[in-house]
Amino acid sequence: MSEAGGGRGCGSPVPQRAPWSLVATTAALCLVTATSVWTAGAAPMSREERQKLGNQVLEMFDHAYGNYMEHAYPADELMPLTCRGRVRGQEPSRGDVDDALGKFSLTLIDSLDTLVVLNKTKEFEDAVRKVLTDVNLDNDVVVSVFETNIRVLGGLLGGHSLAIMLKEKGEYMQWYNDELLQMAKQLGYKLLPAFNTTSGLPYPRINLKFGIRKPEARTGTETDTCTACAGTLILEFAALSRFTGATIFEEYARKALDFLWEKRQRSSNLVGVTINIHTGDWVRKDSGVGAGIDSYYEYLLKAYVLLGDDSFLERFNTHYDAIMRYISQPPLLLDVHIHKPMLNARTWMDALLAFFPGLQVLKGDIRPAIETHEMLYQVIKKHNFLPEAFTTDFRVHWAQHPLRPEFAESTYFLYKATGDPYYLEVGKTLIENLNKYARVPCGFAAMKDVRTGSHEDRMDSFFLAEMFKYLYLLFADKEDIIFDIEDYIFTTEAHLLPLWLSTTNQSISKKNTTSEYVELDDSNFDWTCPNTQILFPNDPLYAQSIREPLKNVVDKSCPRGIIRVEESFRSGAKPPLRARDFMATNPEHLEILKKMGAASSVDAEDGLRFMQEMIELSSQQQKEQQLPPRAVQIVSHPFFGRVVLTAGPAQFGLDLSKHKETRGFVASSKPYNGCSELTNPEAVMGKIALIQRGQCMFAEKARNIQNAGAIGGIVIDDNEGSSSDTAPLFQMAGDGKDTDDIKIPMLFLFSKEGSIILDAIREYEEVEVLLSDKAKDRDPEMENEEQPFSENDSQYQSAEQLAPGSQEVDLVDGESPEENSPNSHPEPLSPAATDNAAGASPSEQNSDPTENQGPAGLDGECTDLDNQVQEQSETEEDSSPNVSWGKKAQPIDSILADWNEDIEAFEMMEKGEL
Ligand code: DMJ
């Protein structure tokens, strides 16, 4: 660890040497690596196996980076399903997420220092040359200031940091003359106009060519920004100032941080998610450690580490204390209101908070880090990836997963802190899941839906900037890396900045900032640099002993909104009534309800939370009455099941969630719209028919292809350019008549996904697909299945077996086909019924035998299949006459409207407090 100069090391004077050796700020100033021999718990991993896993990471990186360079560069990102570059303006807009794309070869810049960490020095040299010759930072494009800072400015600075390191070593980069730094400076100046506000908080977006406000800039009218957006600049901006001597960058970033600190809610010491950049009013007053705030906290602590300024540590510690008091409900981290911090603001958590255990390690607070990490790992084991959001009882709330690196980051830091080989096993699982579920022939594809295993045509640059670094470093020994990583600090995008910056151009740090220098007392260093011998008192099983009680927290306990449960029990009081437990027929519940808002402030808080939960529950129930998405998996050569397309379900035909998947070759029907008797029955017989959307009802198309002998149907949207990336899930409704005669499964693909199949037919002629509720594992077996399945194969459904009305189905025990028909339900399923009826697919339930020890009911309940937020039901040409979704929610609507009024009143009251 480099502690020379102003960069702070451990505040604690306690020596922390043998049997631990210090690991530098890359992991934590106060971190330790265990060297002792493990006597129990996870078995130690041999050097050989670690090397094997490290090599696997290298191979995976080559697959991702190689495909980007071959098929996408100079575009910002790779689209791994269609194997081309994502160029902004040429693809349908995805909203804010596109603001990271500035036509500046984002993925290349974000990958620069990863190449060096992964020992690909030659490739790094080539990549730097490409950046210098090809990248233009002066494009007429509106970009996010935050994303451009962490990915591009950070990428250039990380590249520069390692370029000068290599040059000094004397072999590579001898020609390098600070060109990346010059580019970084140019970009820094381009971002500065964003800070032209009275508060000093930056505008969220800027036009790279025209800046802010000018009419041609097409930005500058925004009033709000997120806290992380304004508070995640100091590392890159200070590094830029200190590398170049141009003080202005560090000054601006400090001013923004000073303003946020001034605006913290003074009684709770928390910050909200979004803030008005002109008035400084909190716009969203909920507060957590995930989306919108995350890296603000990260940068306070790391700014202290990099710059050695005690005021940053004081701020961090003040916030951390508040986080641990209100937000941390181990193993959960739940958002609260900044003015009423005992009041939960949500009943779900987002995936971005997975970085927090890593930050807690840096802080030196290991126990809660281990607990939260363990909880997250159990969620991952259920769904293979961390869904973007999940509820307090571990149901999927938002089902996407864009290959985020936060969990790998925390895993790496926890391994460095504890030396527990358990974390190596966790890393191994992450590698396996990425290869098994996200790897496609042209890179790695984000998960569109972790429940179905379907993909999105997206590989974000942070996947290369962060994921591969943390995974590689997890398994690497010191000698596997060509420089001493302990001399650097990771930015939020995992770019490397050298610690020696702390002593360079130091004088600028105090200029023009409003914060006063604070002499810290000892309490600020509590937990910061724990004596590791106290943390792990001669007990190599320390981490395991913390994980043990949480072993089945996700699978077994199914906590139903663990909110202040601990406190209630501690004080002997009854736990508050939760909305989802409420029964209108229960007199005790009615009594509690009456009391809410009337008596003490605690009752009032309970009442308000109850109302909010009721509203959330009601809208959730309405969403849950929609059918979940389905998957179309291309299983023939050269896809071998690796490409999984998100498909819309049908409210008629075979329900794939209850029956075995349908597998078959595809054939286009004639006429293509499938609106009349097919003229090519011999071509679709025993196959999955492709039909174009439009001109008649979906049910009519289904009947026509079924009569021609098709075993399934895929309706492809006729609206050119439509895609599941941008459109909400589409559900095909029936025709208002009895559709029980339709026995084959029908799925819907948007035009972009449909064209992936059509292109495959053009190229390979024979294309075989699997229609299911969840993608089948892409195991090596599939790759050996180059030959079509034989007719003896149990999954192969021949035309004879599948004459209309006689197809082979895998029934749920004891149910008749009629009972299984989606149309046989007299009413929409309640959320609980949906869970129990659909449950997890057999493959999920069997994936880990140790996960299935609890009562089946509980397991089923906790397993998920909640529906995604963005869902939609539509009929073909008119509104659906046979759908009565949401009926049950009707009577409560008027109550909810009243409650909404109450909540608004409460919020006005809160404003008064401001
Ligand atoms: C990265 O770009 C950064 O880590 C950022 O701070 C938030 N998360 C994304 C990746 O998930």
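Residues numbered from 1 in each chain as written. Predicted model: local features only at pLDDT ≥ 70, side-chain atom pairs only at ≥ 80, totals over all residues. Heavy atoms only, no water.

Undergrad: Got a minute to help me understand the side chain of Gln-731 in this structure?
TA: Of note, Gln-731 is situated in strand E28 (residues 729–732). A polar contact of 3.4 Å, which involves the side chain of Gln-731, links it to the backbone nitrogen of Leu-627. There is a polar contact of 3.0 Å between the side chain of Gln-731 and the side chain of Gln-651. (Helix = DSSP H or I, 4+ residues; strand = E, 2+ residues; numbered from the N terminus. Polar contact = N/O pair within 3.5 Å; in protein donor to acceptor, adjacent residues only side chain to side chain.)

Undergrad: When you look at unusual backbone geometry in this model, what are you seeing that I'm missing?
TA: Note on backbone geometry: most residues besides glycine have negative phi, and most peptide bonds are trans. For the bond from Pro-330 to Pro-331, the omega torsion is 5 degrees, close enough to zero to count as cis. When you line up the elements, Pro-331 lands in the loop between strand E11 (328–329) and strand E12 (332–333). At the junction of His-637 and Pro-638, the peptide bond is cis and its omega measures out at 0 degrees in the coordinates. Its location among the elements puts Pro-638 in the loop between strand E23 (630–634) and strand E24 (643–647). In the Ramachandran plot, Phe-640 falls in the positive-phi region, its phi being about 50 degrees despite a non-glycine side chain.

Undergrad: Teacher, can you tell me more about the site of the ligand here?
TA: Taken together, the residues surrounding the ligand are Ile-150, Leu-352, Arg-404, Pro-405, Glu-406, Phe-462, Glu-466, Thr-492 and Glu-493. At a separation of 2.7 Å, an oxygen atom of the ligand approaches a polar side-chain atom of Glu-406. Contact between the ligand and Glu-493: an oxygen atom at 2.5 Å from a side-chain N or O atom of the residue. A total of 290 Å² of accessible area belongs to the ligand in isolation, and the protein chains cover 93% of it. The class makeup of the residues in the shell around the ligand is four nonpolar, one polar and four charged. (Near = heavy atom within 4 Å. Areas by Shrake-Rupley, 256 points an atom, 1.4 Å probe, with all protein chains shown as cover. Nonpolar A, V, L, I, M, F, W, Y, C, P; charged D, E, K, R; others polar.)

Undergrad: What is the right way to look at helix H10 (residues 310–327) in this model?
TA: Residues three or four positions apart in an α-helix share a direction because the helix packs 3.6 residues into each turn. In this model, H10 (18 residues) spans 25 Å end to end at C-alpha, consistent with the 26 Å of a helix rising 1.5 Å per residue. Counting buried residues along H10, 14 of its 18 residues qualify, which places the element largely inside the surrounding structure. (Expected span 1.5 Å × (residues − 1). Buried < 20%, exposed > 50% of the residue type's maximum accessible area, 1.4 Å probe, protein only.)

Undergrad: Help me understand the state of the cysteines in this model?
TA: Each disulfide is one covalent bond, formed between the sulfur atoms of two cysteines. As enumerated under the stated definition, the model contains three disulfides in all. Here Cys-83 connects covalently by a disulfide to Cys-442, the sulfurs 2.1 Å from one another. With the S-S bond torsion at 70 degrees, the cross-link from Cys-83 to Cys-442 turns out right-handed. Of the two residues, Cys-83 sits in the loop between strand E3 (77–79) and strand E4 (84–86) while Cys-442 sits in the loop between strand E17 (439–440) and strand E18 (443–444), which places them 359 residues apart along the sequence. On the accessibility criterion, Cys-83 (27% relative accessible area) is partly exposed. (Disulfide = S-S within 2.5 Å.)

Undergrad: Where do I start with helix H3 (residues 121–134) in this structure?
TA: Compared with the 20 Å implied by 1.5 Å per residue over 14 residues, the 20 Å span of H3 between its first and last C-alpha is a close match. Against helix H1 (47–72), helix H2 (106–117), helix H4 (145–169) and helix H5 (179–191) lie the buried residues of H3. (Contact = heavy atoms within 4.5 Å.)

Undergrad: Explain the sheet that holds strand E15 (residues 389–391) here, please?
TA: Strand pairing in a sheet takes place through backbone hydrogen bonds and is either antiparallel or parallel in direction. Judged by pairing direction, the sheet is antiparallel, and its three strands sit side by side in the order E14-E15-E16 without closing on themselves. Only two strands of the sheet have a single neighbouring strand rather than two, namely strand E14 (348–350) and strand E16 (396–398). Sheet twist, expressed as the average angle between the axes of neighbouring strands with direction ignored, equals 30 degrees. Pairing analysis gives three bridges linking E14 to E15, with the strands arranged antiparallel. The partner of Met-349 across the bridge, within E15, is Phe-390. (Pairing = 2+ DSSP bridges. Axes fitted to C-alpha atoms, helices over the stretch in contact; angles between N-to-C directions.)

Undergrad: Looking at this structure, I do not really get the pattern of salt bridges. What am I missing?
TA: Where side chains of opposite charge bring their charged atoms close, a pairing between them can arise. Counted under the stated rule, the structure contains 51 salt bridges. Between Asp-62 and Lys-120 there is a salt bridge, with the nearest N and O atoms lying 2.9 Å from each other. Of this pair, Asp-62 sits in helix H1 while Lys-120 sits in the loop between H2 and H3, and the two are 58 residues apart along the sequence. The exposure class of Lys-120 is buried, given its relative accessible area of 11%. With a shortest N-O distance of 3.4 Å, Arg-205 and Asp-96 are connected by a salt bridge. (Salt bridge = Lys/Arg side-chain N within 4 Å of Asp/Glu carboxyl O.)

Undergrad: I would appreciate a short explanation of the sheet that holds strand E9 (residues 282–284) in the present structure.
TA: Within the open sheet, the three strands sit side by side as E7-E8-E9. Their pairing is antiparallel. Strands at the two margins of the open sheet, each flanked by one partner only, are strand E7 (224–226) and E9. Strand-to-strand twist across the sheet, computed as the mean angle between neighbouring axes with direction ignored, equals 35 degrees. Sheet topology places E7 next to strand E8 (residues 274–276); three bridges connect them, and they run antiparallel.

Bear in mind that shape data such as this cannot, by itself, settle questions of function.
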